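The lines below spell out each chain.
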Amino acid sequence: MRRTAVPAATAVLACAALAACGADYDGNGSSKARAGVADVQETVTSVDWGACDLQAMYGNEELDAAEAAWAEALECGSVRVPVDYEDAGGLQVRIAMVRHPATGSTRTGSLLVNPGGPGGSGIELAQYPFLPDAVTAAFDVVGFDPRGVGASADLDCGDETAFDSAVTDVAATDPAAITDAQTGALEDGASDFSGECAQEEDPVFLEHIGTANVARDLEVMRSALGDDELTYLGYSYGTYIGQLYLYLYPDKVRAMVLDGVMRTSGTVLDLAEGQATGFETAWQAFVTYCLTVDGCPFTSTETADAELTAILTGAQEKLGGAITVAEMLDLVSQSLYSEAKWTALEQILAAVAAGSLEQFVQDLQDLAGDDGAARGFPRRLPPIPVPQRDSDADFYGVQCVDRDNPGHFGAYRDSAQDAYANSSLFGAGIAWSYLPCATWSASEPNPSSIDGDGAPATVLVGNSGDPATPYAWARSVADELDSAVLITYEGSGHTAYALGHACIDDPVTAYLVDLTVPAEGISCPQELQ
């Protein structure tokens, strides 16, 4: 349904994962938007906390004792903010929040957390215990759904079915070899999806769904929580939110940890080509591990791509086309998000290579979709910051608005070719998946160079084999920020803090709690679980 911009007194939306920055960047952002934030802070002076609806949050999920105790202590609330901070009296959204009070006798303040996305729910992250005891003792842990996500007026528009099908059809194909019919299906599917969103949503709403407005919302939340300065932990896309906050409000930061660092510069196609390289690096790391295990279905790193394709092609034929090679490759790529999945992935692929197809598809789907809860991970894995089949509109709404993206098909074809060269298994599908940005109806690109001038030391965490936010991005952001310390995990998987690696957890926790800045050059060895 199209949202109609009406005065704040007569309509309030339940949040939306939107954000953008005023086109008139001036110093630390649009001066008019900055004044709008200040006006909102004059009226939004607190969060009205109340009991959470635990049934709605957890359903029939069986919680262990620690999770149940955590859930019982949760409080839920929201703050009301304008869609456009340059029109603070216009259309409003409510940013939904959840809080777990600090457990210690001496409370430091609030720790706001975001799991990534775009489209990831901070409420879902904070509704489970995942942080070290020293952190939860010192801080109220506060999760929030960014505008357009989950309980904050979820952005839900368009029908992606035809586009998803078109991408799946070419994802495993050399872009130079796709047919005119396949090209037409890609273009039509992408433009139809983006066009439907333009028809169904208020244009002002779509225009202001980028990350800068999320950062402004974060500033409103900080002051409403009563914190003089922001303490923030962002994973994956959440690191982009943090970087925009550093740009807009460097003097309001107490401590900031960015884990799985996204680059702020470049178009979505630059992201795609970098992510193709990241997935190839993670795939090669998995193959190297697999070759040390009895029964590994590969003979060498050089032959593994062809051998995997042959294995999946055979499975597709035996299953009568119920699942395609491209769909299986997509599931394999999602299974590279955690080293803790490597053993299961090797076993699944070895079984199907040996001719056992019983439960193969279900097992692969379960492994790809596993966020770690069923495997006893210390915390749930962040959302995948790459367009997925059936990606929600909130993902595209943010990514397409945030960056100055090409508006013609040829650029996406060229990028798909480059990404395919970086990773013949995974690259082309990533690039094609960003095609709706070519015809997205709104665009207000963010600043691409952020130095965080005036902010205290920012701690970055990067995995050398991260598939989705390649390590090169962490190094680049570390170089750009005036005061940043990069901690490196010499392994694969996406993000590292609070996953049980003491070499990572100890210095990051000390920084959050005591403001002890980690030493330069910390490098932590791989720990396969």
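Residues numbered from 1 in each chain as written. Predicted model: local features only at pLDDT ≥ 70, side-chain atom pairs only at ≥ 80, totals over all residues. Heavy atoms only, no water.

### Topic: helix 3 (residues 65–73)
Then comes step 1: Within the span of helix 3, buried status applies to E67, W70 and A71. Down the axis of helix 3, the buried set is contained in an arc of 100°. They therefore lie on one face. For helix 3, the exposed residues lying more than 90 degrees away from the buried face are A65 and E72.
Then comes step 2: The inward-facing, buried residues of helix 3 abut helix 2 (54–58), strand 4 (92–100), helix 4 (122–126), helix 5 (133–138) and strand 6 (139–144).
Then comes step 3: Among the residues of helix 3, the N-terminal cap falls to D64, whose side-chain oxygen and the backbone nitrogen of A66 are separated by 3.2 Å. (Buried < 20%, exposed > 50% of the residue type's maximum accessible area, 1.4 Å probe, protein only. Helix = DSSP H or I, 4+ residues; strand = E, 2+ residues; numbered from the N terminus. Arc of directions from axis to C-beta. Contact = heavy atoms within 4.5 Å. Polar contact = N/O pair within 3.5 Å; in protein donor to acceptor, adjacent residues only side chain to side chain.)

### Structural notes on the packing of helix 11 (residues 268–290) against helix 12 (residues 304–318)
Then comes step 1: Where helix 11 meets helix 12, the axes come as close as 11 Å, and the angle between the chain directions of the two elements is 85°. Judged by the angle between their axes, helix 11 and helix 12 are roughly perpendicular. On helix 12, the residues touching E280, W283, Q284 and V287 of helix 11 are A304, D305 and L308.
Then comes step 2: Of the residues belonging to the contact of helix 11 with helix 12, the class tally is four nonpolar, one polar and two charged. (Axes fitted to C-alpha atoms, helices over the stretch in contact; angles between N-to-C directions. Parallel < 35°, antiparallel > 145°, perpendicular 65-115°, else oblique. Nonpolar A, V, L, I, M, F, W, Y, C, P; charged D, E, K, R; others polar.)

### So, the nonpolar core
Then comes step 1: By size, the foremost hydrophobic cluster in this structure holds 127 residues, and its most contacted members are W283, F286, F298, Y412 and W432.
Then comes step 2: In this structure Y412 touches V268, L269, N405, P406, A431, W432, Y434, L435, C437 and A438, once residues within four positions along its chain are discounted.
Then comes step 3: One finds I123, V459, I504 and C524 within the second-largest nonpolar core, a separate group that totals 37 residues. (Core = buried A, V, L, I, M, F, W, Y, C linked by side-chain atoms within 4.5 Å.)

### With respect to the packing of aromatic side chains
Then comes step 1: In total, this model carries 16 aromatic pairs according to the counting rule given.
Then comes step 2: Residues F395 and Y434 carry aromatic rings whose centres are separated by 6.4 Å and whose planes lie at 35° to one another, so their mutual orientation is tilted. Taken together, the residues F395 in helix 16 (residues 393–402) and Y434 in the loop between helix 18 (427–433) and strand 9 (458–465) connect sequence positions 39 residues apart.
Then comes step 3: Residue classification places F395 among the buried residues on the basis of a relative accessible area of 4%.
Then comes step 4: A residue is classified by how much of its surface remains accessible, and Y434, at 0% relative accessible area, is buried.
Then comes step 5: Clustering of aromatic rings is evident, with ring pairs tying together F279, W283, F286, Y289, F298, Y337, W342 and F426. (Phe/Tyr/Trp six-rings, centres within 6.5 Å; stacked < 30°, edge-to-face > 60°.)

### Quick notes on the pairing of strand 9
Then comes step 1: Across the eight residues of strand 9, seven count as buried, placing the element largely inside the fold.
Then comes step 2: Sheet topology places strand 8 (residues 253–259) next to strand 9; four bridges connect them, and they run parallel. Residue V257 lies in a different strand from strand 9, and its bridge partner there is V459. (Pairing = 2+ DSSP bridges.)

### Comments concerning the pattern of salt bridges
Then comes step 1: This structure, assessed with the given rule, holds six salt bridges.
Then comes step 2: Across the salt bridge formed by R107 and D140, the nearest N and O atoms sit 2.8 Å from each other. Placement of the pair is R107 in the loop between strand 4 and strand 5 (109–114) and D140 in strand 6, with a sequence separation of 33 residues.
Then comes step 3: With a shortest N-O distance of 4.0 Å, R107 and D227 are connected by a salt bridge. Residue R107 is found in the loop between strand 4 and strand 5, and its partner D227 is found in the loop between helix 9 (211–224) and strand 7 (230–235); the two are separated by 120 residues along the sequence.
Then comes step 4: On the basis of relative accessible area, D227 is assigned to the buried category, the value being 9%.
Then comes step 5: Within this structure, E75, R99, R107, D140 and D227 form a network of salt bridges that share partners. (Salt bridge = Lys/Arg side-chain N within 4 Å of Asp/Glu carboxyl O.)

### Thoughts on the environment of L357
Then comes step 1: Assignment of secondary structure puts L357 in the loop between helix 14 (342–353) and helix 15 (360–369).
Then comes step 2: Residue L357 is classed as partly exposed on the basis of its relative accessible area, which comes to 22%.
Then comes step 3: Residues L357 and A416 lie 59 residues apart in sequence; the distance between their C-alpha atoms is 32 Å.
Then comes step 4: Setting aside its immediate chain neighbours within four residues, L357 contacts A315, K318, L319 and V352.

### What to know about the state of the cysteines
Then comes step 1: Per the counting criterion, the structure on display carries five disulfides.
Then comes step 2: Residue C52 pairs covalently with C76 via a disulfide, S to S 2.0 Å. Because the sign of the S-S torsion sets the handedness, a value of about 105° for the bond joining C52 and C76 places this disulfide among the right-handed ones. Within this pair, whereas C52 is found in the loop between strand 2 (50–51) and helix 2, its partner C76 is found in strand 3 (residues 75–82), the two being separated by 24 residues in sequence.
Then comes step 3: By relative accessible area, which is 13% here, C52 ends up buried.
Then comes step 4: A residue is classified by how much of its surface remains accessible, and C76, at 23% relative accessible area, is partly exposed.
Then comes step 5: Sequence-ordered numbering of the bonded cysteines in the chain gives a pairing of 1-2, 3-4, 5-6, 7-8, 9-10. (Disulfide = S-S within 2.5 Å.)

### So, helix 20 (residues 502–514)
Then comes step 1: Helix length check: helix 20 (13 residues) gives 17 Å between terminal C-alpha atoms against 18 Å at 1.5 Å per residue, within 8%.
Then comes step 2: For helix 20, every residue scored as buried is listed here: I504, D505, P507, V508, T509, Y511 and L512.
Then comes step 3: Residue L515 follows helix 20 closely and has a positive phi angle near 60°. (Expected span 1.5 Å × (residues − 1).)

### Some points on unusual backbone geometry
Then comes step 1: The linkage connecting G117 with the following residue, P118, adopts the cis geometry, with an omega of 0°.
Then comes step 2: The phi angle at Q359 is positive, at roughly 65°, despite the residue not being glycine.
Then comes step 3: Position of Q359 among the secondary structure elements: in the loop between helix 14 and helix 15.
Then comes step 4: One non-glycine residue, L515, lies in positive phi territory at about 60°.
Then comes step 5: Its location among the elements puts L515 in the loop between helix 20 and strand 11 (523–525).

### Observations concerning the packing of helix 1 (residues 31–43) against helix 9
Then comes step 1: Packing of helix 1 against helix 9 leaves a shortest axis separation of 10 Å and a crossing angle of 30°. By the angle between their axes, helix 1 is roughly parallel relative to helix 9. Regarding helix 1 and helix 9, the two cross each other, and that crossing is right-handed. When helix 1 is examined against helix 9, the residues A33, V37, V40 and Q41 are found in contact with a partner set consisting of R216, E219, V220, R222 and S223.
Then comes step 2: Of the residues that constitute the contact of helix 1 with helix 9, the class distribution is four nonpolar, two polar and three charged. (Left-handed = near helix turned anticlockwise from the far one by under 90°.)

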